[in-house]
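Per-entry structural report
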Amino acid sequence: MRNMNDILRQAQVMQNKIAKLQQDLGEHSYEATSGGGMVKAEVSGKQELRKITIDPKALEGGDVEMLQDLILAAVNEAGRIARETMDREMSNISGGIKLPGLF
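Before going into details, it helps to say that this report is about the structure given with it. Everything numeric here is computed off the predicted structure, so don't read it as measured data.

**Some remarks on the pairing of strand β1 (residues 29–34)**
Side chains of β1 alternate between two faces, with Tyr30, Ala32 and Ser34 buried and Ser29, Glu31 and Thr33 left unburied. Sheet topology note: the β1/strand β2 (residues 39–44) ladder contains six bridges and is antiparallel. Bridging across to β2, Ala32 finds its partner in Ala41. As consecutive antiparallel partners, β1 and β2 are separated by four residues, and within that stretch Gly35 has a phi angle of approximately 60 degrees, a positive value.

**Observations regarding a nonpolar patch on the surface**
Together, Leu49, Ile52, Ile54 and Leu59 line one region of the surface with nonpolar side chains, adding up to about 330 Å² of accessible area. Note that Ile54 resides in strand β3 (residues 49–54). Given the relative accessible area of 32%, Ile54 is considered partly exposed.

**Focus: the nonpolar core**
Within the largest apolar cluster, 16 residues are counted, with the highest numbers of intra-cluster contacts made by Leu25, Tyr30, Val39, Val43, Ala78 and Met90. Mapped onto this core, the elements with two or more residues apiece are α1 (2–27), β1, β2 and α2 (64–94). A total of seven residues in this core trace back to one element, the largest contributor, which is α2. Non-local contacts of Tyr30, meaning those with residues more than four positions away in its chain, are made with Leu25, Ala41, Glu42, Val43, Ser44, Gly45, Ala78, Ile81, Ala82 and Thr85.

**Section: the environment of Ala73**
Tracing the sequence through the fold places Ala73 in helix α2. Measuring from C-alpha to C-alpha, the distance between Ala73 and Gly35 comes to 8.8 Å, with 38 residues separating the pair along the chain.

**Regarding the pattern of salt bridges**
This structure, assessed with the given rule, holds three salt bridges. Between Lys20 and Asp24 there is a salt bridge, and its shortest N-O distance comes to 3.1 Å. Here Asp24 and Lys20 lie together in helix α1, a separation of four residues that amounts to about one turn. When its relative accessible area of 27% is taken as the criterion, Asp24 is described as partly exposed. One salt bridge in this structure joins Glu84 and Arg80, with 2.7 Å as the shortest N-O distance. Here Glu84 pairs with Arg80, and both are found in helix α2, just four residues apart, close to one helical turn. For Glu84, a relative accessible area of 40% translates into the label partly exposed. A network of salt bridges, in which partner residues are shared, links Glu77, Arg80 and Glu84.

Rules and cut-offs
Residues numbered from 1 in each chain as written. Predicted model: local features only at pLDDT ≥ 70, side-chain atom pairs only at ≥ 80, totals over all residues. Heavy atoms only, no water. Buried < 20%, exposed > 50% of the residue type's maximum accessible area, 1.4 Å probe, protein only. Helix = DSSP H or I, 4+ residues; strand = E, 2+ residues; numbered from the N terminus. Pairing = 2+ DSSP bridges. Patch = residues over 30% accessible without salt bridge, like charges linked within 9 Å, V, L, I, M, F, W, Y side chains within 5 Å. Areas by Shrake-Rupley, 256 points an atom, 1.4 Å probe, with all protein chains shown as cover. Salt bridge = Lys/Arg side-chain N within 4 Å of Asp/Glu carboxyl O. Core = buried A, V, L, I, M, F, W, Y, C linked by side-chain atoms within 4.5 Å. Contact = heavy atoms within 4.5 Å.

The analysis is restricted to geometry; functional conclusions fall outside its scope.
Structure follows, in structure tokens:
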């Protein structure tokens, strides 16, 4: 029975570490740019868009479709960075074991 109690205790410790990590990373910001820095996107660790910055030079050509593509590229890249950071940190805590429903 002692072995089972040790396993349950270790699982609780890991669960607490994961919850703390999710909270900490959720508060961080992750940035990415596109178009040579003409568009910058900032997302949270929860992958919520926080800020978009558009250089006025991006508007000079009047190419709306290009601007839309630049915005999408920056937002998607910032989200990818946030996801990869979360995955990497979770993997460190779990010893590389993928835990369904956590990340």
